Amino acid sequence: TKNSYSDWITKLPLKKSKIIKTYRKNKLENGFYKIFAVVKMPLLYNSDLEQCADFSFRFRAEYFRQKKNLNKLYLFDYSGRKKYFKKSKKKYKDFLKWSMVYANSYSIKKGCKKIKPSDLKPGDMIVQNKDGGIGHVSIIMDVCKNSKGKKLYLIGYSFIPAQEFHIEKAAKEFGKGGWFSLKGYYKYLEKYLDYGDPVLRRF
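In this report, we go over the structure that sits alongside the text. (Residues numbered from 1 in each chain as written. Predicted model: local features only at pLDDT ≥ 70, side-chain atom pairs only at ≥ 80, totals over all residues. Heavy atoms only, no water.)

Throughout the structure, instances matching the rule amount to 25 aromatic pairs. Arranged with centres 5.3 Å apart and planes meeting at 70°, the rings of Phe55 and Phe59 form a pair that is edge-to-face. Here Phe55 pairs with Phe59, and both are found in helix H2 (residues 52-66), just four residues apart, close to one helical turn. A residue is classified by how much of its surface remains accessible, and Phe59, at 0% relative accessible area, is buried. (Phe/Tyr/Trp six-rings, centres within 6.5 Å; stacked < 30°, edge-to-face > 60°. Helix = DSSP H or I, 4+ residues; strand = E, 2+ residues; numbered from the N terminus. Buried < 20%, exposed > 50% of the residue type's maximum accessible area, 1.4 Å probe, protein only.)

Written out as structure tokens, the structure is:
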């Protein structure tokens, strides 16, 4: 839908280069990624904050800020309880920083809506967290479908250390043309980022 969060996610600007910068302003030397593109959204903080779950918060907050509708913005505390910006009495960057410090993938898993694989759309999240500790969050950036109804997905994430958000390119074993099938992405996570069984969530 026009002006929706999903619409906004698909139109995020991309960097001309495939260079990922860390919070220390250094080029990330990482042979692990197969980078399709890097989202043009420099990090806000000079600290190790904007990791995988944090970029879910960052995208959501930036959407409402750009739409001049911050009164509707909520994020989460650690337990997954909604925390509204308008009630926080914090400045935008302070509210976002608070969320990044105190909430994580577990918070998203607990607080966000559960969705079915067939309903996945841009902005939805693939969340892994076994027991409330370290986990991982990937974000659906776009979806395509062929005439037979088979879907493929552009999927991205940030990671450790805090770094710019990139869209990962699927190897042939995980999808087609650089796009992931959902089963293919689950295999990718199991092979490279095994932080627990993935679940699907939406703000």
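Its place among the elements puts Ser107 in helix H5 (residues 105-111). Excluding residues that lie within four positions of it along the chain, Ser107 makes contacts with Phe76, Asp77, Tyr78, Gly80 and Cys112. (Contact = heavy atoms within 4.5 Å.)

To continue, consider the pairing of strand E5 (residues 125-129). E5 sits mainly inside the fold: five of its five residues count as buried. Alternating residues of E5 divide into Met125, Val127 and Asn129 and Ile126 and Gln128, and every residue in both groups is buried. Bridge count between E5 and strand E6 (residues 135-145): five bridges; the pairing is antiparallel. Looking across to E6, one finds that Met125 is bridged to Ile139. A loop of five residues connects E5 with E6, the two strands running antiparallel in sequence, and Gly132 in this loop sits at a positive phi of about 95°. Bridge count between E5 and strand E11 (residues 199-202): three bridges; the pairing is antiparallel. (Pairing = 2+ DSSP bridges.)

On to the pattern of salt bridges. All chains considered together, the criterion is met by eight salt bridges. With its nearest N and O atoms 2.8 Å apart, the salt bridge here joins Arg58 to Glu50. Residues Arg58 and Glu50 agree in their burial class; the two are buried. Between Asp77 and Arg81 there is a salt bridge; the shortest N-O distance is 2.8 Å. Its relative accessible area of 7% is what places Asp77 among the buried residues. By sharing partners, the salt bridges in this structure join Glu50, Arg58, Glu62 and Arg65 into a single network. (Salt bridge = Lys/Arg side-chain N within 4 Å of Asp/Glu carboxyl O.)

Attention shifts here to the packing of H2 against helix H4 (residues 92-102). The N-to-C vectors of H2 and H4 enclose an angle of 155°; their axes lie 9 Å apart at closest approach. On the basis of the axis angle, H2 is roughly antiparallel to H4. Crossing geometry of H2 relative to H4 is assigned as right-handed. Residues Asp54, Phe57, Arg58, Ala61, Glu62 and Arg65 of H2 form the contact with H4, whose own contacting residues are Tyr92, Leu96, Ser99 and Met100. In terms of residue class, the contact of H2 with H4 is made up of five nonpolar, one polar and four charged. (Axes fitted to C-alpha atoms, helices over the stretch in contact; angles between N-to-C directions. Parallel < 35°, antiparallel > 145°, perpendicular 65-115°, else oblique. Left-handed = near helix turned anticlockwise from the far one by under 90°. Nonpolar A, V, L, I, M, F, W, Y, C, P; charged D, E, K, R; others polar.)

Cis geometry is adopted by the peptide bond preceding Pro161, which originates at Ile160 and carries an omega value of -5°. Relative to the helices and strands, Pro161 resides in the loop between strand E7 (151-157) and strand E8 (166-168). Within the chain, Asn3 stands out as a residue other than glycine whose phi angle is a positive 70°. Looking at the secondary structure, you find Asn3 in the segment before helix H1 (5-10). Assessed through its relative accessible area of 44%, Asn3 is described here as partly exposed. One non-glycine residue with positive phi stands out, namely Lys89, at about 60°. Among the secondary structure elements, Lys89 is positioned in the loop between helix H3 (85-88) and H4. Residue Lys89 is classed as exposed on the basis of its relative accessible area of 81%.

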